[in-house]
Amino acid sequence: MEEELKCPVCGSLFREPIILPCSHNVCLPCARTIAVQTPESEQHLPPLLHPRGPAPPAAAAAAAAAPGPGAAAGSADCLDSESAAGGGGGGGDHADKLSLHSETDSGYGSYTPSLKSPNGVRVLPLVPAPPGAAAAPRGAGPASSSLTCPQCHRSASLDQRGLRGFQRNRLLEAIVQRYQQGRAAAAAAAKCQLCDRSPPEPAAVLCEQCEVLYCAACQLRCHPARGPFAKHRLAPPPGHPGAPGGGGGGGGGDGGGGKGAGGGRKLPTCAEHDLENYSMYCVSCRSPVCYQCLEEGKHGKHEVKALGAMWKQHKAQLSQALNGVSDKAKEAKEFLVQLKNLLQQIQENGLDYEACLVAQCDALVDALTRQKAKLLTKVTKEREHKLKVVWDQINHCTLKLRQSTGLMEYCLEVIKENDPSGFLQISDALIKRVQVSQEQWVKGALEPKVSAEFDLTLDSEPLLQSIHQLDFIQMKLPPVPLLQLEKCCTRNNSVTLAWRMPPLSHNPVEGYILELDDGDGGQFREVYVGKETLCTIDGLHFNSTYNARVKAFNSSGVGPYSKTVILQTSDVAWFTFDPSSAHRDIVLSNDNQTATCNSYDDRVVLGTAAFSKGVHYWELHVDRYDNHPDPAFGIARINVVKDMMLGKDDKAWAMYVDNNRSWFMHCNSHTNRTEGGVSKGATVGVLLDLNKHNLTFYINGQQQGPPAFENIEGVFMPALSLNRNVQVTLHTGLEVPQCVKQPKLPNN
């Protein structure tokens, strides 16, 4: 609340606050500092710049007179001549002139602040004097002044009363006084938070960064003004006379604030009649007035109400408005709690994700280490194999080389002998041995069986690319969808379901799967798969209870199911004739409840409902019956032939009737001729009992013959065939009559 009690100019608690025409408040001393005086040549201001309400006649007379004691008193709240001269430099801004003339009904102008304006205040623009007005000599009269609101930047000119022309906000003064007393009590209780003494010493300073109260000794010991503490700002403790907005703010005790210290506050008196208390409230001027103000006729044409009544009315309005703000504040507090919980969840989830990431990376490193060991084993085996092959080849070649060398040396010695007979005895054997030895050095025997190169190439590029592309995919299973119960509904034998994803859900959803049971508590089955969040399922059973649930899916898989919603279809069927499936000669009216035909031939029209379960009853009223035609009433499949009488094909079960008798017909087979026909005003009832799988007809409430058809199963639609001589009106949503509900008699 402290920010509401601070002056926007000085930043301290209000002292003698006054109410500006824009409803903002400012201290009276501060108003004197921001008021800007206008030279005489600039006094021709537009009327919109004067405060609302006429000036007192005495003040107007004083303004017209030469400067005197009265004029001096009237200008006591204005700036001196130097301030007026200094502030008049920016008064010729054309943009300000336009902005002032743009708000002709506001009582004050507006402007855009600029660097030329001290304290955010702009001097009022020059407005030419009215034509024919004589320029007053310099110093002939008091200079006018203007005041700019420091909050909304709207300007208002001051009349001869100066700043005293604005009303004092005595209510705000009283609130400031109570607040100062509370702060003073708090300051008396402010103790040092680091003292070892008991009780602690009174606090001397408050560190705004540390948010800790220190006494003088603890401040020197624990918070010296050097090092990192040098930049900290030390302020007086809350409520200290030297603190901003503190309890000892000098100047705040006079006026309305000091009057309430001794007990009951003095009732405020009229600003224009010091001896009169406020008793009425002018609705037009939006200000309290006294009895004498009304006697003088200043508010003669204004709406005036009792002050107490308006006080209670405005209090009630403020309380009502505060209720809305209180609700929003409560929601904001709950939202802050939610955000703080979210902070904690984010912190915990962040640590969990970090641990999970480290574990996953460690697992990758372990897998790479194991694969590295496997690859090194393969290289070792390949090297050992190559070495073994080369050593075997070296040993084999060395053995053969030694044998060949020994044979060569022996043959050379034999050749040196000069005994022909001895040579010939062994020459054949030596020649064969030499040939055999030569054959041992076949082609390839002197080539290495393995190469020094290793035919192993490690393809690490895909793995490196995978490592470089390793990132968070932010893909999880979608959360549980939330069913929007306010949008889920049933109509006849159709149900509509709506759902949405929970807020703050960032997991992508590619689609939804809606499941519905069979209406008898059986297994769920998929009835919709897609991206929409609203789905209507038609063709369900009447008077049945269905359970529905939905789940979301994405590329990661299928999420959990939502809560199950229970939907009850209508007890009875409401339907009309179906114009989309009717024969083109059929003419529908009365919101598709009345049917006739343009042709002399019989044409078929179906109903909009389909039945496969339960007991259903509807009636058709004969509005017109000419020339004894044979209309047919009954049920049919969706693909029934529509250009001939109902019942002539195998897709319809009907009763056709004239003015004397009726027949049942299916597959063009006529059965059970029964006396009794129809005429204008007759009513034909159709009872479809799919629990017992039979069809029965009624004329004017009486059963027409035995049950017409039995052992019928499947999906059926109400049907009718007629020509241009007949017009009927359909009546649906009917309960099964009591006479119909009774057990049927056996067929005759």
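Residues numbered from 1 in each chain as written. Predicted model: local features only at pLDDT ≥ 70, side-chain atom pairs only at ≥ 80, totals over all residues. Heavy atoms only, no water.

Among the surface-exposed residues, F335, L336, L339, L342, I346 and L504 lie close enough to one another that they form a single nonpolar patch of about 560 Å² accessible area. On the basis of relative accessible area, I346 is assigned to the exposed category, the value being 52%. (Patch = residues over 30% accessible without salt bridge, like charges linked within 9 Å, V, L, I, M, F, W, Y side chains within 5 Å. Areas by Shrake-Rupley, 256 points an atom, 1.4 Å probe, with all protein chains shown as cover. Salt bridge = Lys/Arg side-chain N within 4 Å of Asp/Glu carboxyl O. Buried < 20%, exposed > 50% of the residue type's maximum accessible area, 1.4 Å probe, protein only.)

Evaluated as defined, the whole model comprises 11 aromatic pairs. With a centroid separation of 6.0 Å and 70° between ring planes, the pair formed by F575 and F611 is classed as edge-to-face. Residue F575 is located in the loop between β21 (565–568) and β22 (586–589), and its partner F611 is located in the loop between β24 (603–606) and β25 (615–625); the two are separated by 36 residues in the primary sequence. Judged by relative accessible area, which is 6%, F575 ranks as buried. The exposure class of F611 is buried, given its relative accessible area of 1%. (Phe/Tyr/Trp six-rings, centres within 6.5 Å; stacked < 30°, edge-to-face > 60°. Helix = DSSP H or I, 4+ residues; strand = E, 2+ residues; numbered from the N terminus.)

On to unusual backbone geometry, then. Omega for the peptide link from S198 to P199 comes to 0°, which places this bond in the cis form. Tracing the chain through its elements places P199 in the loop between α6 (170–189) and β7 (205–207).

It is worth spelling out the pattern of salt bridges at this point. The tally for this structure, following the rule as stated, stands at 17 salt bridges. Close ionic contact of E515 with R549 constitutes a salt bridge, the shortest N to O distance being 3.0 Å. Of this pair, E515 sits in strand β16 (residues 511–516) while R549 sits in strand β19 (residues 545–554), and the two are 34 residues apart along the sequence. With a relative accessible area of 6%, E515 lands in the buried category. Close ionic contact of R673 with E675 constitutes a salt bridge, the shortest N to O distance being 3.6 Å. In the salt-bridge network here, residues are joined through shared partners; they are E16, R168 and E173.

Another aspect to go through is the pairing of strand β31 (residues 694–699). Burial analysis of β31 places 6 of its 6 residues in the buried class, which makes it a mostly covered element. Where strand β30 (residues 683–689) lies against β31, 6 bridges are found, and the strand directions are antiparallel. Following the sheet pairing, G685 is matched in β31 by Y698. From the end of β30 to the start of β31, which pair antiparallel, there are 4 residues, and H693 there has a positive phi angle of about 60°. Pairing of β31 with strand β33 (residues 709–710) involves 2 bridges; the strand directions are antiparallel. Opposite N694, over in β33, you have E710 as the bridge partner. Two elements, β31 and strand β32 (residues 702–703), share 2 bridges in a ladder whose sense is antiparallel. Within β32, the residue paired with Y698 across the bridge is Q703. Between the antiparallel neighbours β31 and β32 lie 2 residues, among them N700 with a positive phi of about 55°. (Pairing = 2+ DSSP bridges.)

Taken N-terminus to C-terminus, the directions of helix α10 (residues 307–416) and helix α11 (residues 420–440) make an angle of 155°; their axes are 11 Å apart at the nearest point. Relative to α11, the element α10 is oriented roughly antiparallel. Note on packing geometry: the crossing formed by α10 with α11 is left-handed. Across from K400, Q403, S404, L407, Y410, C411, V414 and I415 in α10, the residues of α11 making contact are F423, I426, L430, R433, V434, S437 and Q440. Split by residue class, the contact of α10 with α11 holds 9 nonpolar, 4 polar and 2 charged. (Axes fitted to C-alpha atoms, helices over the stretch in contact; angles between N-to-C directions. Parallel < 35°, antiparallel > 145°, perpendicular 65-115°, else oblique. Left-handed = near helix turned anticlockwise from the far one by under 90°. Contact = heavy atoms within 4.5 Å. Nonpolar A, V, L, I, M, F, W, Y, C, P; charged D, E, K, R; others polar.)

Moving on to the sheet that holds β7. Strands sit in the order β8-β7-β9 across an open sheet of 3 strands; the sheet is antiparallel. Two strands in the sheet have a free side with no partner beyond their single neighbour: β8 (212–214) and β9 (234–235). Where β7 and β9 come together, 2 bridges link them in antiparallel fashion. Looking at the pairing, L206 lines up with A235 of β9.

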